[in-house]
Amino acid sequence: TAAGATLAVNLGDSQAGATAAGDVTVQDAANVTIGTTVATSAYDDLALDAVDTKTLAYTVSNAFNLALDDVSGTDQVTSLTATTSSTGTIVVDDMADADSLTSLTINANTADINLGLIGGDNANNDAAGLANIDVTVGGTATVTTDTISMDMVTTATGDLTSTINLTVGTGATGTFGTFDNEHGSSNVTIANDGTIGSATFLADETAGGITMDISGAGSTTITLANAHTGDLTVTSTGTGAKVYTNLTSADDATLTHSGSGALTITAANITDDFTLDVSGAVGTLNASSIAAVGGVATVTGSATSAFAGLTLANTSASSANVTLGVNGLTDQLRTGDTTLGKVTVTNFVTGALASGGDAIDIDLSGVEGGAGQAVDLIEFKLATNNVAGADNVSIYQLNANTALDLADVTNAADNVLMLKATFATSGMVETALETGGANNLKANGAVAQHDAILVAWSDATNSYLGMAHFSAAVANDAKAAAGTINVHQLVEFVGVSDVTKLTAANLGGAILA
């Protein structure tokens, strides 16, 4: 063809397994369209003109499938399009060089499209200018993409801001690989009325960040969204279920979820702070974990839907502030499983779960991880008995100004000591439990150094559940010396002025392993 020409190549036979004879080579043409005619076509490699070819389109408008292996000579290609409008499908393997690519458009209006790798993880092959990705899937079609390598290296020209639009219609499916914009930022809009089984978005080598807006009636699974040192902001709505397998940022993150679609967060690995707002949710809030938030997790619940299980505050360096919705339902929370983080809960309803009482499960691993010192949680009736996972929560209430010989505790399985007196600070609780204190304890069996018990109390405004750590051993029939009990707050129940309103069911019913 002449230099700068527009060329349409319609293939009409199969060369599958051939060598040189199965290749398609294009010279000089600037605008190239590959399609099918008369029969399904399967060829080996497609080689374009690395100097002249600027646009590449795969177009199938008939019943004949198009299959190609790797595509080369694409260094100057700025636009890549794949379109089906009949029953014929498109399968094309890798396009390793996407150095000039600025636009990727996939229109699977009726039949499947499957594209391999686009670009590479280096300055010579990455699609550092790929500012627009538009994918539309209709009918019963499926679009499958592999990794798309965008801005992969730091350059003097600055970082890429990429706009990614994924639209999946009713009955259609998107199975997406990785949209890898390592040194850029990505603005993602997903309108899904079909099924998105997987999609990964990376901006994991720069401070660019990721913003996502997800809507529709279809089920959407985000396999990973990693904003690295940039912020991660996700807004989801609609009637379709949303599953976030891994939300990651070395900075802050925000997830706002509304509508009747179910929500599941498998993991949120956020170095700084995380805001979760489900106040507009009317669908199911499935068991989820935001425990791996390194800073403060701020959670706003729903007045319509209850958390089926939300794990919080995995480490002693982290905390969670939860405002539950006033919904008449049982919100189920869970403490972290690594070290002793603190959870503060507002609008927590005490009493029977059947009447709308709330619950927070106590994770044994997190309690025993301690706050700077690992501990062994013991049953205080007999100090040599450790609390085990699946043990029922059992509360012993101790009156104000009453010392306690632990040998006199009737139920050997008691594992939460509830103090009926009020204490303004945790330090006052420590003093009360030690020798000479208002609620001093006489050990039944030897308490080892770094044993601990669970203790609950109130300051007359809020109630608390904490871990009382014995920093020194206590002999049988002896009392803890002054300054040797350290109380660490595990849960604060804001507005629960009377600690005795908390039941074993409110504390999860059973200790979690």
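This text follows the structure it describes.
Remember, it's a predicted structure, so these values are computed and weren't measured experimentally.

### Focus: the sheet that holds strand S2 (residues 24-25)
- The three strands lie next to each other as S2-S5-S8, forming an open sheet whose pairing is parallel. Single-partner strands in this sheet number two, and they are S2 and strand S8 (71-72).
- Across two bridges, the pairing between S2 and strand S5 (residues 46-47) is parallel. Within the sheet, the bridge partner assigned to Thr 25 lies in S5 and is Ala 47.

### Details of the pattern of salt bridges
- Evaluation of the coordinates by the stated rule reveals two salt bridges.
- Measuring nitrogen to oxygen at the nearest pair gives 2.8 Å for the salt bridge that ties Asp 363 to Arg 334. Taken together, the residues span a long stretch of sequence, with Asp 363 in the loop between strand S36 (359-361) and helix H1 (364-369) and Arg 334 in strand S34 (residues 332-335) at a distance of 29 residues.
- Note on Asp 363: relative accessible area 1%, which makes it buried.

### Thoughts on the environment of His 450
- Among the structural elements, His 450 can be located in the loop between strand S41 (441-442) and strand S42 (451-458).
- For His 450, a relative accessible area of 21% puts it in the partly exposed group.
- Apart from the residues lying within four places of it in its own chain, the contact partners of His 450 are Gln 373, Ala 374, Val 375, Asp 376, His 469, Phe 470 and Ser 471.

### Focus on the side chain of Asn 327
- Assignment of secondary structure puts Asn 327 in the loop between strand S33 (319-323) and S34.
- At 3.0 Å, the side chain of Asn 327 and the backbone oxygen of Ser 302 are in polar contact.
- Within the structure, the side chain of Asn 327 is placed 3.3 Å from the backbone oxygen of Ser 305, a separation counted as a polar contact.
- Beyond its immediate sequence surroundings of up to four residues, Asn 327 is in contact with Ser 302, Ala 303, Thr 304, Ser 305 and Ala 306.

### Some points on the side chain of Thr 84
- Its place among the elements puts Thr 84 in strand S9 (residues 79-84).
- A polar atom in the side chain of Thr 84 sits 2.8 Å from the backbone oxygen of Ala 111.
- Ignoring sequence-local partners within four residues, the contact set of Thr 84 consists of Val 60, Thr 89, Ile 90, Asn 107, Ala 108, Asn 109, Thr 110, Ala 111, Asp 112 and Ile 113.

### Examining the sheet that holds S34
- Pairing within the open sheet is parallel, and its four strands lie in the order S30-S32-S34-S36. The sheet terminates laterally at strand S30 (288-289) and S36, the two strands that pair on one side only.
- Judged from the two bridges that link them, S30 and strand S32 (residues 310-312) form a sheet pairing that is parallel. Along S32, the bridge assignment pairs Ser 289 with Thr 311.

### Notes on helix H2 (residues 426-433)
- Along H2, the residues that are buried comprise Ser 426, Val 429, Glu 430, Ala 432 and Leu 433. Taken down its axis, H2 places every buried residue within 165° of arc, on the same side.
- Residues of H2 that are buried sit in contact with strand S40 (416-422), S41, S42, strand S43 (463-470) and strand S44 (485-494).

### What about unusual backbone geometry?
- Unlike most non-glycine residues, His 228 shows phi in positive territory, near 50°.
- The topology assignment puts His 228 in the loop between strand S22 (224-226) and strand S23 (232-236).
- Taking relative accessible area as the criterion, His 228 reaches 28% and is therefore assigned partly exposed.
- For Asn 347, which is not glycine, the phi torsion reads 70° and is therefore positive.
- By the element assignment, Asn 347 lies in the loop between strand S35 (342-346) and S36.
- Classification of Asn 347 as partly exposed rests on a relative accessible area of 33%.

### A closer look at the nonpolar core
- Within the largest apolar cluster, 112 residues are counted, with the highest numbers of intra-cluster contacts made by Tyr 58, Phe 201 and Ile 290.
- Beyond its immediate sequence surroundings of up to four residues, Tyr 58 is in contact with Ile 34, Leu 46, Leu 66, Leu 68, Val 71, Leu 80, Thr 81, Ala 82, Thr 83, Ile 90, Val 92 and Leu 115.

### Focus: the packing of aromatic side chains
- Tallied over the entire structure, the rule returns five aromatic pairs.
- Considering the side-chain rings of Phe 176 and Phe 179, the 6.0 Å spacing of their centres and the 50° angle between planes classify their relative orientation as tilted. The pair Phe 176 / Phe 179 is uniform in exposure class, with both members buried.
- One aromatic cluster in this structure is built from Phe 176, Phe 179 and Phe 201.

### Digging into the pairing of strand S19 (residues 195-202)
- Most of S19 is tucked away, with six of its eight residues classed as buried.
- Note: strand S17 (residues 173-180) against S19, six bridges, orientation parallel. Bridge pairing links Thr 175 to Ser 198 in S19.
- Bridge analysis of S19 against strand S21 (residues 219-222) gives two bridges, and the strand direction is parallel. Residue Ile 196 lies in a different strand from S21, and its bridge partner there is Thr 220.
- Across three bridges, S19 lies against S22 in parallel orientation. By the bridge assignment for S22, Thr 200 is matched with Leu 224.

What counts and what doesn't
Note on numbering: residues in each chain are counted from 1, in written sequence order. In view of the model being predicted, local features appear only for residues whose pLDDT reaches at least 70, and side-chain atom pairs are presented and counted only at 80 or more, with totals across whole chains, interfaces and linings using the full set of residues. Only hydrogens and water are set aside when side-chain values are computed; all heavy atoms of the structure are taken into account. For two strands to count as paired, DSSP must find a minimum of two bridges between them. The way it works is that DSSP assigns letters per residue, a run of H or I at least four long becomes a helix, a run of E at least two long becomes a strand, and they are numbered from the N terminus. Salt-bridge detection follows one rule: a side-chain nitrogen of Lys or Arg within 4 Å of a carboxyl oxygen of Asp or Glu. Throughout, exposure labels follow a simple rule: accessible area from a 1.4 Å probe, protein chains only, divided by the maximum for the residue type, with under 20% read as buried, over 50% as exposed, and the rest as partly exposed. Here a residue-residue contact requires only that any non-hydrogen atoms of the pair lie within 4.5 Å. Any pair of N or O atoms that falls within 3.5 Å is considered a polar contact. Within protein, one atom must be able to donate a hydrogen and the other to accept it, and sequence-neighbouring residues count only if both atoms are side-chain atoms. When we speak of the arc, we mean the arc of directions from the helix axis to the C-beta atoms. Only buried residues count toward a nonpolar core, which is a set of Ala, Val, Leu, Ile, Met, Phe, Trp, Tyr and Cys residues joined through side-chain atoms within 4.5 Å. Between 30 and 60 degrees the pair is tilted, below 30 it is stacked and above 60 it is edge-to-face, where a pair is any two Phe, Tyr or Trp rings, Trp via its six-membered ring, whose centres lie within 6.5 Å.

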